[in-house]
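Descriptive structure summary
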Amino acid sequence: MRGAERRVAVTGIGLVTPLGLGWSANWAALMSARSGIGAITRFDASTHDVRIAGEVRGFDPADWMPRKDAKKMDPFIHYALAAARMAGADAGLPETLPEALGDRTAVLVGSGLGGLHTLEEAFEVLRERGVGRLSPFTIPRLIGNLAAGHVSMAFGARGPSFSPVSACATGAHAVGEAARMVARGEVELAFAGGTEATITPLGVGGFAAMKALSQRNDSPERASRPFDAQRDGFVCAEGAGVLVLEPLDAARARGARVWAEVVGYGQSSDAHHITAPDPDARGARAAIAGALADARLNPEQVGYVNAHGTSTPFNDAIETLALKAVFGSHAPALWVSSTKSMTGHMLGAAGAVEAAYTAMALAHACAPPTINLEHPDPACDLDYVPGAPRERRFDAALSNSFGFGGTNVSLALARADAVS
């Protein structure tokens, strides 16, 4: 995204996560190495094998939208709209965009699974009370693109509006595609991110049936342990992350704070298996190398990687293999951390939230830690910033996101004045 194309700035960050609401609360939690994982309260999980999750706490939809409108939305839409409003305020945008700018504003906010809460509730109504008692808002509440639709309506954004769906890479795809639109001059502003609300009997039960989830029910704060030899699966989490993207020159002209630049976007497919990564890390390597090439970065310019780092046996080892293959002799000097150790895995929201964390790491010259890394896995032998954050100024960083179906994304971000 360099050369003749416009430079793309991140000027707004909105976050709804198990660590808190807003970028400041999230950054404070990351710096204190605090886990957001706890016992499930969204439903009675007493009969489930997995009874822990990363839930969003202290969130009231009425703080972000009229209560009558909130009733027409699933929680995944609530989270997206709240995160977008936070991002817009952080970027210094008006609550409703001027008409000319609204015509040139894109909204790309995706969800991996959409309205599971609504789907499960509607099925119960259908079974217990009959088809005539279904709400007319059933479909608008559950379909994935209504997150982007509601954000578009809230801001008067009449440019492209759609929702990428690529499992756990959804949020990262949204940020990458939106950044390309801004870089190419297709739009002047973009809201980009991902959202998920899957702490439901079906969501948690379905992943548990795959044996994908940690069963450390008695110690939830220690359950997500990326790169640790005793990791036993990921922890389901919910939330949303939305970034405001705009041309760097325009951001500077209006005096906006620039968190970072989005300088590279790499994507690939393993074409290997519906859930397991390619054992040779071929797809992950291609995405990471593609982001570096798109950004015109040398490996030595990258100081930090926010890893996909799910805490599953296969992913963490394969991602380590990919980083070593691409970065070669520079790999041991990288700081690599998985913030999922604190948030859990927010699925379709993860890529956008972690891109935001990466932008904040660049701006604060500080890498968040990987917590719960107590028993190093010989197959995971990089520097994962265990236990506590570390301060260091670095010019560029990567955020990796890999999803079911073998889809891979790597985003390259840089300090605004670091890479010319």
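Use the structure listed above.
Quick summary incoming for the structure in this document. Owing to the predicted nature of the structure, the values given are computational and were not obtained by experimental measurement.

**Some details on the nonpolar core**
Of all hydrophobic cores here, the largest spans 54 residues; its most connected members are I13, L245 and L411. The element contributing the most residues to this core is helix 14 (residues 350-364), with 10 residues. V56, F76, V109 and F155 belong to the second-largest nonpolar core, a separate cluster that totals 34 residues.

**Structural notes on the side chain of H117**
Assignment of secondary structure puts H117 in helix 5 (residues 116-129). Relative accessible area serves as the criterion here: at 15%, H117 is assigned to the buried category. In contact with H117, other than residues within four places in its own chain, are R42, D74, P75, A197, I199 and T200.

**Brief notes about the pairing of strand 8 (residues 239-247)**
Counting buried residues in strand 8 gives 9 out of 9 residues, a clear majority hidden from the surface. For strand 1 (residues 8-17) and strand 8, the ladder comprises 8 bridges, and the chain directions are antiparallel. Paired with L15 across the bridge in strand 8 is G241. The pairing of strand 7 (residues 189-196) with strand 8 spans 7 bridges and is classified as antiparallel.

**Description of a nonpolar patch on the surface**
Together, F123, L126, V131 and L134 make up an exposed nonpolar region whose accessible area comes to about 370 Å². Counting through the fold element by element, L126 comes out in helix 5.

**Some thoughts on helix 3 (residues 75-90)**
Taking 1.5 Å of rise per residue, 16 residues should cover 22 Å, and helix 3 covers 22 Å from first to last C-alpha, within 8% of that figure. Among the 16 residues in helix 3, 14 count as buried, and that is most of the element. The N-capping residue of helix 3, defined by a side-chain oxygen 3.1 Å from the backbone nitrogen of F76, is D74. Trailing helix 3 by a residue or two, G92 shows a phi angle of about 75°, which is positive.

Definitions and limits used
- Residue indices follow the written sequence of each chain, beginning from 1 at its first position.
- The predicted origin of the model limits local features to residues at a pLDDT of at least 70 and limits the giving and counting of side-chain atom pairs to 80 or more, whereas totals for whole chains, interfaces and linings rest on all residues.
- The basis for every side-chain value is the complete set of heavy atoms in the structure, and neither hydrogens nor water enter the calculation.
- For our purposes a nonpolar core is just a set of buried Ala, Val, Leu, Ile, Met, Phe, Trp, Tyr and Cys residues, chained together by side-chain atoms within 4.5 Å.
- With a 1.4 Å probe rolled over the protein chains alone, any residue whose accessible area is under 20% of its type maximum counts as buried; one over 50% counts as exposed, and the rest are partly exposed.
- Each helix corresponds to a stretch of at least 4 residues labelled H or I by DSSP, and each strand to a stretch of at least 2 residues labelled E; elements are numbered beginning at the N terminus.
- Contacts: residue pairs with any heavy atoms within 4.5 Å of one another.
- By this definition, two strands are paired if DSSP reports at least two bridges between them.
- A patch consists of residues exposed above 30% relative accessible area that lack any salt bridge, with like charges linked at up to 9 Å and nonpolar side chains (Val, Leu, Ile, Met, Phe, Trp, Tyr) linked at up to 5 Å.
- Using a 1.4 Å probe, accessible areas were evaluated by the Shrake-Rupley method; residue-level cover was limited to the displayed protein chains.
- Salt bridges are counted wherever a side-chain nitrogen of Lys or Arg sits within 4 Å of a carboxyl oxygen of Asp or Glu.
- Helices are assigned an expected span. That span is 1.5 Å times one less than the residue count.
- Pairs of N or O atoms are called polar contacts if they sit within 3.5 Å, as long as, within protein, a hydrogen donor faces a hydrogen acceptor (for residues adjacent in sequence, only side-chain-to-side-chain pairs).

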